[in-house]
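# Report on the structure
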Amino acid sequence: MEAKPKRSFKRPFAFPKNCVYRPLRQISNMERNLKLPAERPTYFTLNAPPSLVPAKKYSDISGLPAPYADPHTKLRFANADEYASMQHMPSDIINGYLTVRGYTSAVG
Amino acid sequence: MADRRVLVIDNGSYECRVGWSDSKEPDLRFRNVLTKPRKDRKKEALQQGSSEGAQPAVVEAPAEIQVGNDITNIEAVRAHLKSPFERNVITNWNHQEQIFDYIFTKMGFEGQERVDHPIVLTEALANPNFCRQQMSELLFECYGIKAVSYGIDALYSWEHYQQRRQKISDALLISFGYSTTHVIPVLGGKLQLEHVRRLNVGGYHIITYLFRLMQMKYPVHLNAITISRMEKLVHEHCHVAVDYREELVKWAQMDYYDEHIMKIQLPYNAVTATNALLTAEQKQEKRRELAHRLLEIKNRREREKLREDEQQLFVYNKLRQLYEQQKLEKFERALQQQQIGTLEDLDALIATINSRIKRAQDRAQSAPRPSKQQEKLDKMPKPPAGVSQADWLAELHGKREELLGRKQARQQQRSEQAKRHTHAAQQRMRIISSLAKSEKRRKANGEEEDDGFGMNDNDWDVYKRINRYNDDSDSDADNEQLLEFEKILSHYDANFDVSNSNAQAQTAAENYQLHFGVEDIRVPEILFQPSMIGCSEAGLSELIAFVLKLFTAEEQQRLVEHVYLTGGCAQFKGLKDRLAKELLEMRPFQSKFSIYESDEPSLSAWLGACVHAEEPNFGHSLTTRQDHQEYGSEFFREHRASNLFYPTPKD
């Protein structure tokens, strides 16, 4: 622990050690354990509901509406040119596009 | 208490704005981030300081931690940036303490005993009690403040809007933040907290999305594509499409693309670029020049050496004469001066210098040695007799094209074979099975039954065809020949370039350009379609519809009559039109609604908080030190723009 620079407007003060950093997930668990009444709003009940509209499909490369998907790489594409460019793509870029879209394969 | 000036802090996850409530605009605005310089850099700064004679203690303090505007080059420390926020909630209190130190130092509290002013501080909507508790403890216990008032930025912004115009009791606020987007219904001047909904997508996601898209589109410029540059692009050039699909269809057309594409020039080093542009001939010329210069330097050095030697020889010869003239005393003294032992040593020295001079003179007179370059040139294949050089080169070009074609065909076949269900793969399987069949038949019979395979050399080609990998002898030989051709061609033909012989010459600067087209609408669209970044939450228009459904039809109508947009991301062009279109689609036929934009999307929260602090009954919304001690650290006083207080149940 390094010494904090001295400032005149501060008083000696320190949080208990386990309170200095608590990720949001932990705070969420804390609140859940309190068993609050169901109708009471908290930060975590205000989350947007999951979308009920089917997600539209766009090409991973160009963003254009994509009627096709390559079964091999799982990338979506809009036309033949994009398909051709996909063939020379290194796998890290393919994976990059997939993770940006949030695609995770069942196999992993 | 009331006569004290109030310090207003709009503590946003992107930017923090601080100022006195009676001023027109915040005195201090900074990115809400901090960074700790690495150890070695700190040491460097220390050494520099001590070498300049300054006291080390003076140097140490500022080198410790940099906050907000103190960070000179934000890109250099991008990986080490820390923020007290997670989403829009403060979770790291060490960092928050650093931020407060920075704020209060900059606001001139250094030298005072405590921060003796009431503070207005913004916090997240439905901020968890735990976080508020920590915040109150920090403010009251560490900085010794007298009173604090917590409020919500969107509500302050709404207050600012009303103060400029008129009181409006019902509204639907949409607050576009850096990490979240809120839909906030207000009925009868009161926040409907239980019906607020938060989409966890904001400016941060937009910027990172563009950043990653650009990095994958231009892997070559990975390092030139920085978050700061992408931020600028988002701020200045992105807009929300009114009809996303329609605009996309337009972009798919080549003409539209060519007309509307924006080209962003990245910085590039002209020197290295020109070097790459030189033709083979110019390169050779440059090399020759360099060799010439080196040779000259060498010659000059040799001449100097020769002159030195001659002078030395002259001195030694004089010594020798002294000896021969029998002036022994003088001779001994001179020998000592020259640090030479005996007469024999002197003779030996004279002999070596003589031979050295002779060698140097010989070298100067003899013809220059043939250079290695020339030897290489001689080894270069020459056009065969009877064929002109141009014809020969054309022939080589043809051969090279043929080889390249063959190579490409092989690659094609290989890539097709790698996948199942292609014609090539099926062909391969058929050959393999037929080969296996004939082998089996032989074994079953027990005796050698020659099917004539291998009689013809071409028979062996089937193995080449079923080979998955391109490492057969054919391609090796081809590659060798290709290299040979390319060597000859690049030697004789200045215009020949191996890498893109058929591509038209592009200027170097163009290679350093980013094409920014669909991205300008694609990136902000994630607010409406979070599925584009793999977020399963409902998009903004769906969310608005969801929130409205929580109210009765009459209340819904009251809400949509004042839809108010605020927050940094509300500055996207076209956002209002888009929302108008979406609302038109979701509202009943011929019903009315109207959308208002904040005058100062990113500043209005701070300005609204000032309005609030200047009101005569502001004192009632202050949580004082006494309250803090009496009701516990999570307690705060509610007011028009605050969260609602729900005490944590005690067990």
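Calculation notes
- Residues numbered from 1 in each chain as written.
- Chains lettered and ligands numbered in written order.
- Predicted model: local features only at pLDDT ≥ 70, side-chain atom pairs only at ≥ 80, totals over all residues.
- Heavy atoms only, no water.
- UniProt positions renumbered as here; feature names shortened; annotations may be inferred.
- Helix = DSSP H or I, 4+ residues; strand = E, 2+ residues; numbered from the N terminus.
- Polar contact = N/O pair within 3.5 Å; in protein donor to acceptor, adjacent residues only side chain to side chain.
- Contact = heavy atoms within 4.5 Å.
- Patch = residues over 30% accessible without salt bridge, like charges linked within 9 Å, V, L, I, M, F, W, Y side chains within 5 Å.
- Areas by Shrake-Rupley, 256 points an atom, 1.4 Å probe, with all protein chains shown as cover.
- Salt bridge = Lys/Arg side-chain N within 4 Å of Asp/Glu carboxyl O.
- Lys, Arg positive; Asp, Glu negative; His and termini not counted.
- Charge placed at Lys NZ, Arg CZ, Asp CG, Glu CD.
- Axes fitted to C-alpha atoms, helices over the stretch in contact; angles between N-to-C directions.
- Parallel < 35°, antiparallel > 145°, perpendicular 65-115°, else oblique.
- Nonpolar A, V, L, I, M, F, W, Y, C, P; charged D, E, K, R; others polar.
- Phe/Tyr/Trp six-rings, centres within 6.5 Å; stacked < 30°, edge-to-face > 60°.
- Buried < 20%, exposed > 50% of the residue type's maximum accessible area, 1.4 Å probe, protein only.
- Lys NZ or Arg CZ within 6 Å of the ring centre and 35° of its normal.

- Going by an unreviewed UniProt entry, chain B carries the name Actin-related protein 5 and comes from Drosophila rhopaloa.
- Per its UniProt entry, chain B bears the Sequence similarities (unreviewed entry) comment "Belongs to the actin family. ARP5 subfamily."
- Taken from UniProt, the Function (unreviewed entry) comment for chain B reads in full: "Proposed core component of the chromatin remodeling INO80 complex which is involved in transcriptional regulation, DNA replication and probably DNA repair."

- The name given to chain A in an unreviewed UniProt entry is INO80 complex subunit C, and the organism recorded there is Drosophila rhopaloa.
- Quoted verbatim from the Subcellular location (unreviewed entry) heading of the UniProt record, the comment on chain A is "Nucleus".

### Thoughts on the side chain of Ser136 of chain B
Residue and element names in this part refer to chain B.
- When you line up the elements, Ser136 lands in helix H4 (residues 129–142).
- Polar contacts involving the side chain of Ser136 include one to the main-chain carbonyl oxygen of Ser633, which spans 3.4 Å.
- Excluding residues that lie within four positions of it along the chain, Ser136 makes contacts with Glu141, Tyr150, His628 and Ser633.

### A word on a positive patch on the surface
- On the surface, Arg300, Arg301, Arg303 and Arg307 of chain B cluster together to form a positively charged patch.
- Relative to the helices and strands, Arg307 of chain B resides in helix H11 (residues 280–324).

### Overview of unusual backbone geometry
All names here are of chain B.
- Located in the positive-phi region is Arg87, a residue other than glycine, with phi close to 50°.
- Secondary-structure assignment places Arg87 in the loop between strand E6 (85–86) and strand E7 (89–90).
- In this structure, Gln590 is a non-glycine residue whose phi angle is positive, near 65°.
- Position of Gln590 among the secondary structure elements: in the loop between helix H22 (575–586) and strand E17 (595–597).

### A look at the UniProt feature "domain: Vps72/YL1 C-terminal" (unreviewed entry) in chain A
- Those places that UniProt annotates as "domain: Vps72/YL1 C-terminal" (unreviewed entry) correspond, in this numbering, to residues 57–86 of chain A.
- Helix makes up 23% of residues 57–86 of chain A and strand makes up 13%, while its end C-alpha atoms are separated by 17 Å.

### A look at the packing of helix H5 (residues 153–164) of chain B against helix H23 (residues 604–614) of chain B
All names here are of chain B.
- In contact at an axis separation of 7 Å, H5 and H23 are set at 70° when each is read in the N-to-C sense. As far as their axial angle goes, H23 and H5 are roughly perpendicular. Contacts between H5 and H23 involve Asp153, Tyr156, Ser157, Glu159, His160 and Gln163 on the former and, on the latter, Ser604, Ala605, Leu607, Gly608, Ala609, Val611 and His612.
- Broken down by class, the residue content of the contact of H5 with H23 amounts to five nonpolar, six polar and two charged.

### Side note on the packing of aromatic side chains
- Taken as a whole and judged by the stated rule, the model has 27 aromatic pairs over all chains.
- Plain terms: the ring middles of Tyr323 of chain B and Phe331 of chain B are 5.3 Å apart, the flat faces sit at 50° to each other, and that makes the pair tilted.
- The class of Phe331 of chain B is buried, set by a relative accessible area of 3%.
- Grouping aromatic residues by their ring pairs yields a cluster made of Phe9 of chain A together with Trp20, Phe100, Phe104, Phe109 and Tyr143 of chain B.
- Lying across the ring of Tyr43 of chain A, Arg198 of chain B places its NZ or CZ 3.7 Å from the centre.
- For Arg578 of chain B, the ring lying beneath its charged end belongs to Phe528 of chain B, and the centroid distance is 4.2 Å.

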